[in-house]
Amino acid sequence: MNPDGRAPEDPLGTDPLEADPLARLEHEYDQRRLAEEKRDERYLWWYLAYFLFGIHIVAFVMILAIKHAG
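Residues numbered from 1 in each chain as written. Predicted model: local features only at pLDDT ≥ 70, side-chain atom pairs only at ≥ 80, totals over all residues. Heavy atoms only, no water.

Q: Help me understand the overall build of the protein chain, please; the structure alone is not making it clear to me.
A: Counting its secondary structure elements, the protein chain contains two helices and zero strands. Counting all 70 residues of the protein chain, 0% fall into the buried class. Carbon together with sulfur atoms contributes 66% to the accessible area of the protein chain, which is approximately 6,700 Å² in total. (Helix = DSSP H or I, 4+ residues; strand = E, 2+ residues; numbered from the N terminus. Buried < 20%, exposed > 50% of the residue type's maximum accessible area, 1.4 Å probe, protein only. Areas by Shrake-Rupley, 256 points an atom, 1.4 Å probe, with all protein chains shown as cover.)

This is the structure:
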């Protein structure tokens, strides 16, 4: 890294994302898509946790009902 913050292989300091607006938009789109994908995956795990917790509650209630039925 140079003292002014540029990479050594970039002598002119031109970032390809700054030079090409389409590349910048594609990069921003990819970043948004990855963030949304991460958020959706987190929601999926929460839904799975709630579902499994609900199954255990139902099973517990059914066991109690059978034990107290007879």
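This is not the end of the story, as more comes after the structure.
Q: Whenever I open this one, a nonpolar patch on the surface confuses me. Can you help?
A: On the surface, Trp 45, Leu 48, Phe 51, Leu 52 and Ile 55 cluster together into a nonpolar patch covering about 510 Å² of accessible area. Its location among the elements puts Trp 45 in helix H2 (residues 21-69). (Patch = residues over 30% accessible without salt bridge, like charges linked within 9 Å, V, L, I, M, F, W, Y side chains within 5 Å. Salt bridge = Lys/Arg side-chain N within 4 Å of Asp/Glu carboxyl O.)

Q: Explain the pattern of salt bridges here, please?
A: Opposite charge on two side chains lets them pair, provided their charged atoms get close. In the structure shown here, the tally under the stated rule is four salt bridges. The shortest N-O distance in the salt bridge between Glu 28 and Arg 24 comes to 3.5 Å. With a gap of four residues between them, Glu 28 and Arg 24 both fall in helix H2, about one helical turn apart. In this structure Arg 24 comes out as partly exposed when scored by relative accessible area, which is 39%.

Q: For this particular structure, what's the right way to read the packing of aromatic side chains?
A: Two numbers describe a pair of aromatic rings. These are the distance of the centres and the angle of the planes. Enumeration over the complete set of coordinates arrives at one aromatic pair. Ring plane angle 35 degrees and centroid distance 6.1 Å describe the contact between Trp 46 and Tyr 50, whose orientation is recorded as tilted. Linking Trp 46 with Tyr 50, this pair stays in helix H2, spanning four residues, or about one helical turn. Since its relative accessible area comes to 51%, Trp 46 is described here as exposed. By relative accessible area, which is 57% here, Tyr 50 ends up exposed. (Phe/Tyr/Trp six-rings, centres within 6.5 Å; stacked < 30°, edge-to-face > 60°.)

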